[in-house]
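Per-entry structural report
If you want the building blocks of each chain, they are given just below.
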Amino acid sequence: MSQLLLHHLQAATLSPAQTRNGQLYGELPQAAIAIDGERIAWVGPETACPDHYRNWETLDLGGRLVTPGLIDCHTHLVFAGNRAHEFELRLQGMDYAGIARAGGGILSTVRATRAASADELLAAALPRLDSLLADGVTSVEIKSGYGLDTETELKILRVARRLAQERPVRIISTYLGAHAIPAPLDADTYIDSICLPTLRQAHAEGLVDQVDGFCENIAFNPRQIETVFRLAQTLGLPCKLHAEQLSHQGGTRLAARYRALSADHLEYATEADAEAMAAAGTVAVLLPGAFYALQEKQLPPIDALRRHRVPVALATDLNPGSSPLYSLLMTMNMACTLFRLTPAEALSGVTRHAAAALGLTDCGMLAPGLRADLAVWDVESPAELAWRMADRPLYRRLSAGCWA
Ligand code: DI6
Ligand code: FE
């Protein structure tokens, strides 16, 4: 196992120990970071670096900024097909829900994904994953949900697992069987006869880390989602939920009752929802890419989330329909511009809080004992990460202690 001392760098540790001193990013202006194998051994001011780390192999980072590796905590990046035509339809005035009801939308991706082989899905997913990695991402969540039958849901989850072998990145896989209702079934029949049995099988094969659902008037109601959550709970799997994206359905409160890791989207969530999330420790995952692409007007209740101290995470929601967004840095910019997050909130949103949204306790910050998932940037200050648009100022990425 290699031992490495990074020095002559500025760190944004995102560690609460540091941010408590009023430093929004947990900044250490002249810092060093010791890495022992896959883990961070020490982080601190360069002048305080214990002598024995100085005997390790050293690397001068020329004053560059080091942050925790970024975490994209909500993606649907394994899919086949192409829905650029729906973009054209929306620009002509059709709306997202209308396209879905007419058999387009998620179901059009389902048809293409069922027809694709696992190898084809893998080949299509790799460049999407590479695009995220080029933004300094070291952990990515990937959802199923474009199969809606047992065979295809399992195929997607297996491809998600294979991606972690193909690239130096941590993949968290999420079962999203309750994503859309495949005709000719009705929602209840689909949940009972396909969605739940498939979850059991996927779990038995070790393919699932967490369970998600789409709680919406064009998808599943809270009662139907709850049957999925109950099974997840029995299997010992944590839950999360697409909630209050296009309308208020009560999904957020359901998620909070099940102590969900996160409730995602939240444009139509209320102050009471924020309160319930705070009490349950549920992270708010905001997805400005979908808000932007669907030209939504209703903003998520940012002030209420702040008031109730709900941790806010950000993610690309990378998918072929509502969020063709392949950059987590651009997501940070959108969150600041569209949702008025501060650049510091945006950076916590793709590091510390994104880790919490995935139930990960060993990444998302620079602190001793955590995984050595790091991003090194050619920028002068952390705010620049959210400021620049469509730029990729990544210098190098370290995944579990390995340069990637
Ligand atoms: N919400 C989303 O943002 C994606 N799924 C969901 O439930 C969009 C999926 C798609 O349009 O393909
Ligand atoms: Fe989504």
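Everything below is about the structure shown above.
This paragraph deals with the overall build of the chain. Along the backbone of the chain there are 17 helices and 15 strands. Taking 22 Å as the expected radius of gyration for a compact globule of 404 residues, we find that the chain reaches 21 Å, a close match to that expectation. Dimensions along the principal axes, computed over C-alpha positions, put the chain at roughly 70 × 45 × 45 Å. In the chain, buried positions account for 61% of the 404 residues. Put simply, of all contacts in the chain between residues at least 6 apart along the chain, 72% involve residues at least 24 apart. In the structure as shown, the chain presents an accessible area of about 15,300 Å², 52% of it carried by carbon and sulfur atoms. Positive and negative side-chain charges of the chain, numbering 35 and 44 respectively, have mean locations separated by a distance of 2 Å.

Another point: the nonpolar core. Counting residues in hydrophobic clusters, the biggest one holds 102 residues, and the most contacted among them are Leu77 and Leu163. When residues of this core are assigned to their parent elements, the largest contribution, 8 residues, is made by helix H8 (residues 187-204). When residues no more than four places from it in sequence are discounted, the contact partners of Leu163 are Leu77, Val78, Leu122, Ala125, Leu126, Leu129, Ile142, Val169 and Ile171. Counting 17 residues, the second largest nonpolar core, distinct from the first, contains Ile40, Val66, Leu366 and Leu374.

What follows deals with empty space enclosed by the protein. What the rule picks out here adds up to 1 cavity of 30 Å³ or more. In terms of lining, the largest cavity is formed by 15 residues, of which the most central are His76, Tyr96, His179, Asn319 and Ser322. Taken together, the residues of the lining of the largest cavity sort by class into 4 nonpolar, 9 polar and 2 charged.

Ligation of the iron ion (ligand 2) by protein atoms is provided by His74 (NE2), His76 (NE2), His242 (NE2) and Asp317 (OD), these donors lying 2.1 to 2.3 Å from the ion. Within one chain, the residues serving as donors to the iron ion (ligand 2) are arranged as H-x1-H-x165-H-x74-D. Here the residue His76 occupies a position in the loop between strand E5 (70-72) and helix H3 (84-91), and Asp317 occupies one in the loop between strand E12 (312-314) and helix H14 (328-339), the gap between them amounting to 241 residues. Note on His76: relative accessible area 2%, which makes it buried.

What follows deals with the site of ligand 1. Lining the immediate surroundings of ligand 1 are 14 residues, of which Arg83, Tyr96, Tyr146, His179 and Asp317 lie closest. At 2.7 Å from an oxygen atom of ligand 1 is found a side-chain nitrogen or oxygen belonging to Arg83. Taken atom by atom, the bulk of ligand 1 overlaps the largest cavity. Within the shell around ligand 1, the residues separate by chemical class into 4 nonpolar, 8 polar and 2 charged.

Next up on the list: the pairing of strand E7 (residues 170-178). Across the 9 residues of E7, 9 count as buried, placing the element largely inside the fold. In this structure, strand E6 (residues 137-143) lies alongside E7, joined through 5 bridges in parallel fashion. Bridge pairing in E7 links Val140 to Ile171. The sheet contact formed by E7 and strand E8 (residues 210-215) spans 3 bridges and is parallel. Bridging from a neighbouring strand, Tyr175 pairs with Val211 of E8. Crossover connection from E7 via H8 to parallel E8: handedness right-handed.

Moving on: unusual backbone geometry. Leave glycine aside and you will find that most residues have negative phi; peptide bonds, for their part, are mostly trans. Here the residue pair Ala183 and Pro184 is connected by a cis peptide bond, since its omega of 5 degrees sits within 30 degrees of zero. Mapped onto the secondary structure, Pro184 falls in the loop between E7 and H8. At Gln295, a position not held by glycine, the phi torsion is positive, near 50 degrees. For Gln295, the location among the structural elements is in the loop between helix H12 (288-293) and helix H13 (302-307). With relative accessibility at 53%, the residue Gln295 sits in the exposed group. With a phi angle near 60 degrees, Asp317 is a residue other than glycine that sits in the positive phi range. Owing to a relative accessible area of 1%, Asp317 belongs among the buried residues under this scheme.

Once that is clear, we can look at the packing of aromatic side chains. In total, this model carries 6 aromatic pairs according to the counting rule given. For the ring pair Tyr53 and Trp56, a centre distance of 5.0 Å and an interplane angle of 80 degrees mean the geometry is edge-to-face. For Tyr53, a relative accessible area of 10% puts it in the buried group. Linked through ring pairs, Trp42, Tyr53 and Trp56 together constitute an aromatic cluster. One cation-aromatic arrangement involves Arg64 over Tyr395; the distance from NZ or CZ to the ring centre is 3.6 Å. Above the plane of the ring of Phe79 lies Arg128, whose end atom (NZ or CZ) is 3.5 Å from the centre.

Conventions and cut-offs
- Residues numbered from 1 in each chain as written.
- Chains lettered and ligands numbered in written order.
- Predicted model: local features only at pLDDT ≥ 70, side-chain atom pairs only at ≥ 80, totals over all residues.
- Heavy atoms only, no water.
- Helix = DSSP H or I, 4+ residues; strand = E, 2+ residues; numbered from the N terminus.
- Rg over C-alpha atoms; globule rule 2.2 N^0.38 Å.
- Buried < 20%, exposed > 50% of the residue type's maximum accessible area, 1.4 Å probe, protein only.
- Contact = heavy atoms within 4.5 Å.
- Areas by Shrake-Rupley, 256 points an atom, 1.4 Å probe, with all protein chains shown as cover.
- Lys, Arg positive; Asp, Glu negative; His and termini not counted.
- Charge placed at Lys NZ, Arg CZ, Asp CG, Glu CD.
- Core = buried A, V, L, I, M, F, W, Y, C linked by side-chain atoms within 4.5 Å.
- 1 Å grid on protein atoms, 1.4 Å probe; cavity = no way out; pocket = protein on both sides within 12 Å on 5 of 7 lines; lining within 4 Å.
- Points joined across faces, edges and corners; volume = space filled by probe spheres on them.
- Nonpolar A, V, L, I, M, F, W, Y, C, P; charged D, E, K, R; others polar.
- Donors = N, O, S within 2.8 Å, 3.2 Å for Na, K, Ca; no water.
- Near = heavy atom within 4 Å.
- Polar contact = N/O pair within 3.5 Å; in protein donor to acceptor, adjacent residues only side chain to side chain.
- Sits in = over half its atoms within 2 Å of the grid points.
- Pairing = 2+ DSSP bridges.
- Right-handed = clockwise from strand over helix to strand, strands pointing away.
- Phe/Tyr/Trp six-rings, centres within 6.5 Å; stacked < 30°, edge-to-face > 60°.
- Lys NZ or Arg CZ within 6 Å of the ring centre and 35° of its normal.

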